[in-house]
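Coordinate inspection notes
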Amino acid sequence: QLQLVESGGGLVQPGGSLRLSCAASEFTRHYYAIGWFRQAPGKEREGVSCISSGGITNYADSVKGRFTISRDNAKNTVYLQMNSLKPEDTAVYYCAADRYYFCSASTSDWGQGTQVTVSS
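Residues numbered from 1 in each chain as written. Predicted model: local features only at pLDDT ≥ 70, side-chain atom pairs only at ≥ 80, totals over all residues. Heavy atoms only, no water.

1. Points about the packing of aromatic side chains
Let me state the cut-off plainly: Centre distance within 6.5 Å is the pairing criterion for rings of Phe, Tyr and Trp, where only the six-membered ring of Trp is used; planes under 30 degrees apart are then read as stacked, over 60 as edge-to-face, and the remainder as tilted. The secondary structure listing takes helices from DSSP runs of H or I that are at least 4 residues long and strands from runs of E that are at least 2 residues long, numbered from the N terminus. Here the term buried applies to any residue with accessible area under 20% of the maximum for its type, exposed to any over 50%, and partly exposed to those in between, with areas from a 1.4 Å probe on protein chains only. Charge-over-ring placement is defined geometrically: NZ (Lys) or CZ (Arg) within 6 Å of the ring centre, and within 35 degrees of the ring normal.
As enumerated under the stated definition, the model contains 1 aromatic pair in all. With a centroid separation of 4.9 Å and 70° between ring planes, the pair formed by F37 and W110 is classed as edge-to-face. Placement of the pair is F37 in strand β4 (residues 33-39) and W110 in strand β10 (residues 108-110), with a sequence separation of 73 residues. The exposure class assigned to W110 is partly exposed, which follows from its relative accessible area of 27%. A cation over a ring is seen here: R45 above W110, with NZ or CZ 4.6 Å from the ring centre.

As C-alpha cells, then:
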C-alpha cells in the first residue's frame, strides 16, 4: 500500500515562504501524477497543484505566480514551494498520488496532511 508523508508545514507571516515535501513509499514513476490539495476550516478540499510524470504542471488560479511544484524521482519526493503566502492560504495541505489521471480526487491516494498557517 502506498504511503505518502507530508512535511514542511508550519506557522509563517504573510508574505513569507514555505516548502512542502511529499515523500512516497513507492517510486514516483509508478504514478501518472502527484500533486497537492488543501482544505481550510469549513471549506471543501480543493486542488492546488499537480505535476505529471512528464513534467506537465497546473495550478489553481489562486496560487499561480506564487507556488511552484516540482518532483525529484531519485528521492521519490514532490515539492511545493510556496512564496508570498497569504492568510487565505491557511489550510491543511494533502499530498495526492494518482496512477490514472491528473490528480483526480476520486482516484488519488492521500497522505495525512500538513498544517500551513499564515498569520501575523
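2. Focus: the nonpolar core
Note the threshold: Only buried residues count toward a nonpolar core, which is a set of Ala, Val, Leu, Ile, Met, Phe, Trp, Tyr and Cys residues joined through side-chain atoms within 4.5 Å. A contact between two residues is defined here by any heavy atoms of the two lying within 4.5 Å.
One finds W36, F67, L80, M82 and Y93 to be the most contacted residues of the largest nonpolar core, which totals 27 residues. Elements represented by at least two residues in this core include exactly β3 (18-24), β4, β5 (46-52), β7 (67-72), β8 (77-82), β9 (91-98) and β11 (114-118). Setting aside chain neighbours within four positions, we find Y93 in contact with E6, L20, W36, F37, R38, V48, F67, L80, M82, G113, T114 and V116. A33, C50, A96 and C103 belong to the second largest nonpolar core, which has 5 residues in total.

3. Section: the sheet that holds β8
Heads up, the rule is: Strands were regarded as paired on the criterion that DSSP finds at least two bridges between them. To obtain each axis, a line is fitted to C-alpha atoms, and for helices this fit is confined to the stretch in contact; angles are then taken between N-to-C directions over 0 to 180 degrees.
Here we have 4 strands laid out as an open sheet, ordered β1-β3-β8-β7, and antiparallel in their pairing. The sheet is open, and its two borders are formed by β1 (4-7) and β7, each paired with just one other strand. Averaged over all adjacent pairs, the angle separating strand axes in this sheet is 15°, with direction ignored. When β1 meets β3, the two strands line up antiparallel, connected through 4 bridges. When the bridges of β3 are listed, L4 appears paired with A24.

4. Here's the deal with the side chain of E6
Rules: Counting rule applied: Lys, Arg positive; Asp, Glu negative; His and chain ends not counted. The term salt bridge refers to a pairing of a side-chain nitrogen on Lys or Arg with a carboxyl oxygen on Asp or Glu at a separation within 4 Å. Each polar contact in these results corresponds to two N or O atoms within 3.5 Å; when the atoms are within protein, one needs to be able to donate a hydrogen and the other to accept it, and residues that are neighboring in sequence are counted only if both atoms are side-chain atoms.
Inspection of the secondary structure assignment puts E6 in strand β1. The buried charged residue E6 lacks any salt bridge, with R45 as its nearest oppositely charged partner at 7.8 Å. Within polar-contact distance, the side chain of E6 engages the backbone nitrogen of C95 at 2.7 Å. Looking at E6, its side chain comes within polar contact range of the main-chain nitrogen of Q112, at 3.1 Å.

Note that all results are geometric; they support no functional claim without further evidence.
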